[in-house]
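# Residue-level structural notes
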Amino acid sequence: MKDRHVNGQRLHAQGITLGYDARTITDDLSVAIPDGSFTVIVGANGCGKSTLLRGLARLLRPRSGSVFLDGELITAYPTKEVARRLGLLPQVQVAPEGITVVDLVSRGRFPHQKLLRQWAREDETAVVEALAATGITDLAPRFVDELSGGQRQRVWLAMALAQQTEILLLDEPTTYLDIAHQVDVLDLCAGLQAHRGYTLVAVLHDLNMACRYATHIVAMKDGAVVAEGHPSDVITESLVREVFGLECRVIDDPESGTPLVVPKHRPVRVTGSTDEEKNHVPAQA
Amino acid sequence: MSVLAQGAGRTAVFRGGAVSLRVERRSVVVTALLGVVTVGSLLAALLLGYYTVSIDQVVRAVFSEGTPAEEYIISDLRLPRALTALMVGAALAMSGAIFQTLTRNPLGSPDVIGFDTGAATGALVVMLMLGGSGVLTSVGAGAGGAITAAVVYLLAMHRGSNGFRLVLMGIGVGALLLSVNHFLITRSTLYDAQSAAVWLIGNLAGRGWGHVQLLAPALLVLSVLALRMSRDLRMGELSDDSAAALGLSIERSRVLCVAIGVGLAGVAVAAAGPIAFIALPSPQIARRLTKVPGPNLVPSALVGASLLCLADLAGRELFVPRQVPVGVLTGVVGGLYLVWLLTREWRKDRR
């Protein structure tokens, strides 16, 4: 068996070109995920963050270039073997109608099961641990349809944990959650990375959350990586201008000391052009 | 493992050596009860009718110890017809369960997404253009269904297949083929048109041991294959990305499931014509009874078998002295069911 920790980067992509049909999203992109890191990919809408994640998880086959997992081409593994090493929580989820929490979480065991080995003790242990780690043990017998958005996200996370992979990719795990639940989910992720040896790769929209939780940031623009490294080194006023086209100040987060991006104040402008719209604008003093 | 106490109460686990299996208790009980209902349906089909017999007579007839009249009515007429009904119903229901799970849509059944219409086109081509009948018609039906399925699948494949597109493509191709079927009938002679029309309704009258012998092995093989795919089908209920991330080879498993589903539908159509509305409601009924997600293949098959057997019995005896083809009855019952299903979904959306 080959050394699984190739240069401390079990998962890396070399010169991958990803796209859908005629559209190319990323061109000749290379990126390496440091082992044991909480890597967060940031960038403007449509810059190819989710596409990169799908490419890394072999859900999208690169037109050229290669993704390597544990020193081998990811395409060289049987698909179940990849699923025992690397998990992905997609952005859009479909819960089967009428499924219970424990049943859904149990489906995370699929890559470990066989036709006649469908529910071994390890499967049960993994599911129990996943439920406990995400704090949803009490919800186990409930129907997924009945849960709130925050609870449901925990269930999906539990399913990915039951898969027992050391690398976990998360596509916008906090979208649609209110700020308290965002912090909840990210705290949970940070705990997995810090105490359970997970390597996490997440796409996040909120730069400040990214800075607070990431140990490694990958900033993307137009399908290319423009900067990567520790948040305090990477997130600067010029980078935010370059990547998001936003004028801002970067100050220290008073709570965590990580970079905090504060958009610069802009005078409110009237953007409407027709007379009718202008008439609706309240008169300014 | 007290944490899973409540969850574990719903399931039973068997472990021994390298083998470990888990089943939902309710699902097992429901399946057993449905098995009883299926046997009951078979008995009803044997006992009831213009010439009502007793269980005693049935047993004697089956073991060739009855009077010639009893043996003829029970062993030669009722038993093979009832067995054909059970098997065709089971095949249609399993096909429906497979397609509904694959497309994640209760409308994804072979009669809605054009496969039955395609099978009918194949059968009509044989009957009306090539002048064949009997087994040849069945071969034509099987070929028509398979070709239609391949075309629908390839059309829906664009950028990776997708369940909803499969349903829409199937409805479209089915509508086209329906026109082809009508065209074939209008250009045939009155006699041929009449027999084609009877075949198109779907009928179990006159099915004998020959049909049973052809149907049984095909159904056995396809059922085993379908059961082997049931874990894949369960995973396929999640989103494509989730299932792939969990190690399911999506396209491979989808092609296999479509092939098995089309095979089941094709076998059923070949034996009894395109009987409507068994494939659509049976898996839905089974799912509501077992209250577990997934294809519910075995309960669906038992529901389909009982439904078709009882519908055929009703068609045979309710309108004496006439026999109404079973397809007419399933059409009426299934149509009502579909209306109920759609209004229910509609209300749920509006809430």
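A short tour of the structure in this document, coming up. (Residues numbered from 1 in each chain as written. Chains lettered and ligands numbered in written order. Predicted model: local features only at pLDDT ≥ 70, side-chain atom pairs only at ≥ 80, totals over all residues. Heavy atoms only, no water.)

## Some thoughts on the overall build of chain B
Keep this limit in mind: A helix here means a DSSP run of H or I that spans at least four residues, while a strand means a run of E at least two residues long, and both kinds are numbered starting from the N terminus. Values of the radius of gyration come from C-alpha atoms, whereas the globule rule sets the reference at 2.2 Å times the count of residues to the power 0.38. Relative accessible area decides the class of each residue, using a 1.4 Å probe on protein chains only: under 20% of the type maximum gives buried, over 50% gives exposed, and in between gives partly exposed. What makes two residues a contact is simply this: any of their non-hydrogen atoms within 4.5 Å. Here the Shrake-Rupley method, with its probe set to 1.4 Å, supplies the accessible areas, and only the displayed protein chains count as covering residues. Neither His nor the chain termini are counted; the positive set is Lys and Arg, and the negative set is Asp and Glu. Positions of charges follow a simple convention, taking NZ of Lys, CZ of Arg, CG of Asp or CD of Glu.
Counting secondary structure elements, chain B contains 15 helices and two strands. The globule rule puts the C-alpha radius of gyration for 351 residues at 20 Å, and the 21 Å found for chain B is close to it. Going through the 351 residues of chain B one by one, you find that 53% of them count as buried. Excluding contacts between residues fewer than 6 apart, the proportion of contacts in chain B whose partners are at least 24 apart in sequence is 73%. Counting every atom, chain B has about 16,000 Å² of accessible surface; 69% of that belongs to carbon and sulfur. Considering chain B, the positive charge centre built from 28 side chains and the negative charge centre built from 18 side chains are found 10 Å apart.

## Observations concerning the state of the cysteines
Which entries qualify depends on this criterion: Cysteine sulfur atoms are paired as a disulfide whenever they come within 2.5 Å of each other.
One pass over the full model with this rule turns up zero disulfides over all chains. The thiol of Cys 248 of chain A is unpaired, and the distance to the nearest cysteine sulfur, on Cys 211 of chain A, comes to 10 Å.

## Things to note about the sheet that holds strand β5 (residues 72–73) of chain A
Residues and elements named next belong to chain A. Keep this limit in mind: Strand pairing follows a simple DSSP-based rule, namely that at least 2 bridges must link the two strands.
A sheet is described by the order of its strands in space; here four strands give the open sequence β2-β1-β4-β5, paired in antiparallel fashion. Two strands in the sheet have a free side with no partner beyond their single neighbour: β2 (23–33) and β5. Sheet topology note: the strand β1 (residues 11–20)/strand β4 (residues 64–69) ladder contains five bridges and is antiparallel. Looking across to β4, one finds that Leu 11 is bridged to Leu 69.

## Some points on the sheet that holds strand β7 (residues 167–171) of chain A
Residues and elements named next belong to chain A. What counts is decided by this rule: Each axis is a line fitted through C-alpha atoms, taken for helices only over the stretch in contact, and angles between the N-to-C directions span 0 to 180 degrees.
Across the sheet, six strands lie side by side as β6-β7-β8-β3-β9-β10; this open sheet has mixed pairing. The sheet terminates laterally at β6 (86–89) and β10 (224–229), the two strands that pair on one side only. Within the sheet, the average angular offset between the axes of one strand and its neighbour, ignoring direction, is 15°. Pairing between β6 and β7: four bridges, direction parallel. When the bridges of β7 are listed, Leu 89 appears paired with Leu 170. Sitting on the sheet, helix α6 (residues 179–196) is in contact with β3 (38–43), β7 and β8 (199–203), with an inclination near 135° to β3.

## Topic: the layout of surface pockets
Selection criterion: As defined here, a cavity is a set of points on a 1 Å grid over the protein atoms alone where a 1.4 Å probe fits but cannot get out. A pocket is an open set with protein on both sides within 12 Å along at least five of seven lines, and residues line them when an atom is within 4 Å of a point. Grid points are joined across faces, edges and corners, and a volume is the space filled by probe spheres set on the points. Only Asp, Glu, Lys and Arg are considered charged in this grouping, and only Ala, Val, Leu, Ile, Met, Phe, Trp, Tyr, Cys and Pro are considered nonpolar; every other residue, Gly among them, is considered polar.
When its volume is computed, the second largest pocket comes out at roughly 900 Å³. In terms of lining, the second largest pocket is formed by 31 residues, of which the most central are Gln 118 of chain A together with Arg 22, Val 23, Ser 230 and Arg 234 of chain B. Of all the elements in the fold, those that place two or more residues in the lining of the second largest pocket are α3 (101–106) of chain A together with β2 (19–24), α2 (25–47), α9 (209–228), α10 (230–236) and α14 (297–317) of chain B. For the lining of the second largest pocket, the class distribution of residues is 15 nonpolar, nine polar and seven charged.

## Observations regarding empty space enclosed by the protein
All names here are of chain B. Applying the stated criterion across every chain yields a total of two cavities of 30 Å³ or more. Of the voids in this model, the largest cavity is the one considered here, and its volume is about 100 Å³. Together, 13 residues line the largest cavity, and Leu 102, Gly 236, Leu 248, Ser 253 and Arg 254 are the ones closest to its centre. Elements that contribute at least two residues to the lining of the largest cavity include exactly α4 (68–103), α10, α11 (240–245) and α12 (250–272). When its residues are assigned to classes, the lining of the largest cavity shows six nonpolar, three polar and four charged. In this structure, the second largest cavity spans a volume of roughly 40 Å³. Considering the residues around the second largest cavity, the lining is formed by Ala 45, Arg 78, Arg 81, Ala 82, Ala 85, Cys 309, Asp 312, Leu 313 and Arg 316. Of the residues assigned to the lining of the second largest cavity, the class counts are five nonpolar, no polar and four charged.

## Re the pattern of salt bridges
Counted only if it meets this: Definition used for salt bridges: Asp or Glu carboxyl oxygen within 4 Å of a side-chain nitrogen of Lys or Arg.
Under the counting rule described, the total for this entry stands at 22 salt bridges over all chains. Across the pair Asp 241 of chain B and Arg 54 of chain A runs a salt bridge whose closest N-O atoms are separated by 2.8 Å. Separated into two different chains, Asp 241 of chain B in helix α11 and Arg 54 of chain A in helix α1 (residues 49–56) make up a pair that spans both. Residues Arg 316 of chain B and Glu 317 of chain B are paired through a salt bridge, measuring 2.8 Å at the closest nitrogen-oxygen approach. You can call Arg 316 of chain B buried: its relative accessible area is 8%. Of the residues examined, Glu 317 of chain B reaches a relative accessible area of 23% and is grouped as partly exposed. Within the structure, one salt-bridge network assembled from shared partners comprises Arg 10, Asp 70, Glu 81, Arg 84, Arg 85 and Glu 166 of chain A.

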